[in-house]
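Here is how the chains run, residue by residue.
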Amino acid sequence: MERVDLLASPLEELCTEARRIRSKQFGTLVTYSPKVFVPLTKLCRDVCHYCTFARPPRPGERAYMTIDEVLEVARAGAAAGCREALFTLGDKPELRYRAARDELEQLGCATTVDYVARAAAAVLDETGLLPHLNLGVLTRADFVALRPVSASMGLMLETTAERLSRRGGPHFGSPDKLPFVRLATLEAAGKARVPFTTGVLIGIGETRAERLDALLAIRDLAARYGHVQEVIVQNFRAKPGTRMAQAPEPRLEELLWTIAVARLVLGPQVHLQAPPNLSYDEFPRLLDAGIDDWGGISPVTVDHVNPEAPWPEVERLRAATEARGLQLAPRLAVYPEWVDDGEWIDERVLPAMLRSSDAQRLAREDAWSPGETGGVPFVPRDALPVDTRDELDEAGLVRLLHARGAERDRVFAAADALRRETNGDDVTYVVTRNIQYTNVCYFRCGFCAFSKGRLAANLRGAPYLVPHREIARRVREAWERGATEVCLQGGIHPAFTGEYYESVVRVVKEAVPEMHVHAFSALEVWQGAATSGLELEEYLRRLRAAGLGSLPGTAAEILDDEVRRRICPDKVDTAQWLAVHDAAHRVGLCSNVTMMFGHVEAPVHWARHLLRAREQQRQSGGFTEFVPLPFVHMEAPMWVRGRARSGPTWSETLLVHAVGRLALHPWITNIQASWVKLGAAGVGAALRAGVNDLGGTLMNESISRSAGAQHGQEMTPEQMEDLIRASGRRPRQRTTLYADAPRERVAASFGAAALEEPWNPPVQDAGLKAPPRLVRPGLAAARASGRLLTG
């Protein structure tokens, strides 16, 4: 719209267009920041005529909060689930007050900026809260100094009307409120690549045209530097004891007009916020003007700038948001578009940011992480299922994976209804034993805490290699305990060849001919074929002839090479993983497909993974189940180095299972939940979100435990069936390929004897030097035949 139209158009017309822009850019998402307010000092050299925050020094009182006082507030916030520490303070008090100068000298600081840097660093390092710094007018050098200890910074422009700084105006006597000074600060922040918050203050004597001027100035700087992440439209509230105590407050319609015009002027690239506490009971109407954020809400501290106006409780915000068909979500101090690996976020801040974030780069909703003991934040509730009759494409899958609140319940309901229609109320499991024959590996997967190589020298346990006779003993012991399957996988020992993997299969079949051998990831098959000089199909036929029954779907991680380059750069790529399973299906071997999620990827990558699995199943038809594997972070190298999130949130975990059911139907009809990752409570909840299978009893589990999982090594058939019945479902013991387990196997599995301690003899010389780069057997031929999906 032209300037004249913005000034003359009816309010409802402006609001309608503002909501349209919001919907197109942000969908139904409305955010807020769970925060604590840290008023590091209330001394200020400015004398704004409406402010009760700033005050002169008082005898016997400190000029600045101590670091211990700051940390006390921050720790209380962290315990309450906050993610942001908002530092708000007066502007350069040392330039006006001797008390501030003396105290800074005692603290060993030359300026307030120096002390803010120290306090913010303490909060970041000690609590993990992300500092957002509002400390007034700054130079580019100040921003550069503060960037390593803050996630974002801010300064309200308030107005560009210079007349408001003249005698009689609200900013008279406040040199830091001169518009050109504040605009210079906004520009300096852009040059320093700082995610920035600014805004306008309405009702202090400005006109609508002057508000528009301020918004246009913000827009120009945002377009030039890309750093303005949000703009606040704040309404003046008269406060007793100030020079403007009797000044009229702006009407709600003025606030709504300014919000709507801000949305139209700033466009979809900038987030728009209005403080809900300053509109009292009318705050839901702010949504009608196009805001997409409620700002900071604290369960711990008051709004020190507006102490007379308490923040509404989050549930009240949620109810108001959902009443307008929108979804409420917590965010970080930085919006998702500015969360990156260097341009906007300093390397020192990034680890805390990733550990606080979910897959949408918003704030984690809860403290749950895969592998940790304890309950789950919620269980799926009854709801009207979302309509998924049409086959879901990438955009449709992403929309479902982003679901929150009532929409999320509808996704769970749809998955559960489809599960009931497809699988009935049976919940299956298999009595199996995991045998990880070595933890020596020369690959550099950033998520793996199991392997022992150069990357993992500081992690649990010594390098080991299980001898064939011990493998045979474990197989016989598993058979005696009712197992129908052994699952064999391990690290990629540089000395292993295709003959070694074949020999392992033969050892199992010689020990117990009836045992199903479920073995070897795509990486192991690729290694075996490459070292044997064979095409994939030929090598898999040899393994099948030796007794291999099926392949696990591990090493899939995320079937998207953008992600794989970050987490497992030297592993098989997406095309190679699919080529192995395509070849396996063509020689008569079934397999499953896994997805390891919750680290560096986004929901769009989950969607692509599901679509590639679905398309492969359409072509080759050999996948028996989909197995989501939530990332267990505690000792994973890339998490320890601050390069990954803390696993998926609970909501994301359930959504991946549920959307997996909806996306893969009718091609893959079994959805499995991992009790090792989710625990008993988590599995029970997942059974209400599309899951029909609980995988294996395992007997031995090393990989997740190495990463820090705490749910044990075995879930016995008795425990499995108690858990399933407690969920109102029927247990059914199955084979690897989903037939009923033979009666004598079922009988042998109950009341089984305790396991002997496994023997994992150490490897004296693990041979950690990687061999030359492996050839890619059959890749060119597969591509030429059109059988290989490069997706």
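Residue positions within a chain follow its written sequence, with the count starting from 1. Local features are withheld for residues below a pLDDT of 70 in this predicted model, meaning they are given only at 70 or higher, and side-chain atom pairs are given and counted only at 80 or more; totals for whole chains, interfaces and linings count all residues. Where side-chain values are given, they derive from all heavy atoms of the structure, hydrogens and water being excluded.

Colleague: Explain the packing of aromatic side chains to me, please; I cannot follow it from the model alone.
Modeller: Describing an aromatic ring pair means giving the distance of the ring centres and the angle of the ring planes. Any Phe, Tyr or Trp ring, taking Trp's six-membered ring, that has another such ring centre within 6.5 Å forms a pair; planes under 30 degrees apart are called stacked, those over 60 apart edge-to-face, and the others tilted. Per the stated rule, a full pass over the model turns up 14 aromatic pairs. Ring geometry for tyrosine 501 against phenylalanine 520: centres 5.2 Å apart, planes inclined by 65°, an arrangement best described as edge-to-face. Of this pair, tyrosine 501 sits in helix α15 (residues 498-511) while phenylalanine 520 is found in the loop between β13 (516-519) and α16 (522-532), placing the two residues 19 residues apart along the sequence. Summarising the burial analysis for this pair, tyrosine 501 and phenylalanine 520 share the class buried. Three or more aromatic residues joined by ring pairs form one cluster here, namely Tyr437, Phe496, Tyr500, Tyr501 and Phe520. Above the plane of the ring of tryptophan 639 lies arginine 355, whose end atom (NZ or CZ) is 4.2 Å from the centre. Only Lys NZ and Arg CZ are tested; either one counts as a charge over a ring when it is within 6 Å of the ring centre and within 35 degrees of the ring normal. A cation over an aromatic ring shows up here: arginine 745 above the ring of tryptophan 479, its NZ or CZ 3.6 Å from the ring centre. Under the DSSP-based scheme used, a helix requires at least four consecutive residues in state H or I and a strand at least two consecutive residues in state E, with every element numbered from the N terminus. Only protein chains enter the accessibility calculation, which uses a 1.4 Å probe; a residue whose area is less than 20% of its type maximum is buried, one above 50% is exposed, and one in between is partly exposed.

Colleague: Honestly, unusual backbone geometry in this entry has me stumped. Any pointers?
Modeller: Leave glycine aside and you will find that most residues have negative phi; peptide bonds, for their part, are mostly trans. Cis geometry is found at the peptide bond from histidine 665 to proline 666, where omega equals 0°. At arginine 193, a position not held by glycine, the phi torsion is positive, near 60°. Looking at the element boundaries, arginine 193 is found in the loop between α7 (179-191) and β5 (196-202). The phi dihedral of phenylalanine 520 falls on the positive side, at around 80°, and the residue is not glycine.

Colleague: Explain the sheet that holds strand β17 (residues 693-696) to me, please; I cannot follow it from the model alone.
Modeller: Across a sheet, strands are paired by hydrogen bonds formed along the backbone, either parallel or antiparallel in direction. Strand pairing requires that DSSP identify at least two bridges connecting the strands. An order of β17-β10-β18 is seen for the three strands of this open sheet, with the pairing classed as parallel. Each having just a single partner strand, β17 and β18 (730-734) make up the two edges of the open sheet. Strand-to-strand, the axes of this sheet are offset by a mean angle of 20°, without reference to chain direction. With five bridges connecting them, strand β10 (residues 426-430) and β18 associate as parallel partners. The residue bridging threonine 428 from the neighbouring strand is arginine 732, located in β18. Angles shown run from 0 to 180 degrees and are taken between the N-to-C directions of axes, each axis being a line fitted to C-alpha atoms and, for helices, limited to the stretch in contact.

Colleague: Explanation requested: the packing of helix α20 (residues 603-620) against helix α22 (residues 650-664) in the structure shown.
Modeller: Working note: a packed helix pair is described by the angle between its axes plus the distance between those axes. The geometry of α20 relative to α22 is characterised by a closest axis approach of 10 Å and an angle of 30° between their N-to-C directions. The angle between the axes of α20 and α22 places the two elements in the roughly parallel class. Here α20 runs over α22; the crossing is right-handed. Note on element contacts: α22 touches α20 through Glu652, Val656, Val659, Gly660, Ala663 and Leu664, opposite Trp606, Leu610, Ala613 and Arg614. In terms of residue class, the contact of α20 with α22 is built from seven nonpolar, one polar and two charged. Roughly parallel means an angle under 35 degrees; roughly antiparallel means over 145; roughly perpendicular covers 65 to 115; every other angle is labelled oblique. The sense of a crossing depends on the near helix, which, turned anticlockwise from the far helix by less than a right angle, makes the crossing left-handed and, turned clockwise, makes it right-handed. In this analysis, two residues are considered to be in contact whenever any of their non-hydrogen atoms come within 4.5 Å of each other. The classification used treats Ala, Val, Leu, Ile, Met, Phe, Trp, Tyr, Cys and Pro as nonpolar, Asp, Glu, Lys and Arg as charged, and all other residues, Gly among them, as polar.

Colleague: For this particular structure, what's the right way to read the nonpolar core?
Modeller: Among the nonpolar cores identified, the biggest contains 121 residues, and Ile471, Leu488, Phe520, Trp577 and Leu694 are the most heavily contacted of them. With nine residues, α22 is the largest single contributor of residues to this core. Residues in contact with leucine 488, not counting those within four places in the same chain, are Ile435, Tyr437, Ile471, Val504, Val508, Val517, His518, Ala519 and Phe520. For this analysis, a nonpolar core means a set of buried residues of the types Ala, Val, Leu, Ile, Met, Phe, Trp, Tyr and Cys, connected via side-chain atoms within 4.5 Å. Within the second largest apolar cluster, 92 residues are counted, among which are Leu14, Leu89, Met153 and Phe196.

Colleague: Looking at this model, I keep getting lost on the pattern of salt bridges. Mind explaining?
Modeller: Charged atoms that come close allow side chains of opposite charge to pair. Here, a salt bridge means any Lys or Arg side-chain nitrogen found within 4 Å of an Asp or Glu carboxyl oxygen. Scanning the entire structure with this criterion turns up 66 salt bridges. Put simply, glutamate 210 and arginine 163 hold a salt bridge, and the shortest N to O gap is 2.7 Å. Here glutamate 210 is found in helix α8 (residues 208-225), whereas its partner arginine 163 is found in the loop between β4 (152-154) and α7, with 47 residues between them in sequence. The class of glutamate 210 is buried, set by a relative accessible area of 15%.

Colleague: Sorry if this is basic, but what is going on with the sheet that holds strand β14 (residues 548-551) here?
Modeller: Pairing is parallel across the open sheet formed by six strands, whose spatial order is β11-β12-β13-β14-β15-β16. Two strands lie at the open edges of the sheet, namely β11 (432-436) and β16 (623-630), each paired on one side alone. For this sheet, the mean inter-axis angle between neighbouring strands, taken without regard to orientation, is 25°. Summarising the sheet, β11 and strand β12 (residues 485-489) pair through five bridges and their orientation is parallel. Of the residues in β12, the one forming a bridge with isoleucine 435 is leucine 488. Here α20 sits on the sheet and contacts β15 (590-597) and β16; the angle it forms with β15, its principal contact strand, is near 175°.

Colleague: How should the state of the cysteines be read in this particular structure?
Modeller: A covalent bond between the sulfur atoms of two cysteines is referred to as a disulfide. When two cysteine sulfur atoms are found within 2.5 Å, that pair is recorded as a disulfide. Taken as a whole, this structure holds zero disulfides when the rule is applied. A disulfide-free cysteine, cysteine 448 has its sulfur positioned 6.3 Å from the sulfur of cysteine 445, the nearest such atom.

Colleague: Help me understand the packing of helix α2 (residues 11-26) against helix α9 (residues 252-266) in this model?
Modeller: Between α2 and α9, the least distance of the axes is 8 Å, while the angle of their chain directions is 45°. The angle between α2 and α9 places the two elements in the oblique class. With respect to the hand of their crossing, α2 and α9 are arranged in left-handed fashion. For the pair formed by α2 and α9, the contact residues are Leu11, Leu14, Cys15, Glu17, Ala18, Ile21, Arg22 and Phe26 on the first element and Glu253, Leu256, Trp257, Ala260, Val261, Arg263 and Leu264 on the second. In terms of residue class, the contact of α2 with α9 is made up of eleven nonpolar, no polar and four charged.

Colleague: So what exactly am I meant to see when it comes to the environment of valine 525 here?
Modeller: Residue placement: valine 525 occurs in helix α16. C-alpha separation for the pair valine 525 and leucine 107, spaced 418 residues apart in sequence, amounts to 63 Å. If sequence neighbours within four positions are ignored, valine 525 has contacts with Phe520, Leu536, Tyr539, Leu540, Leu551 and Val580.

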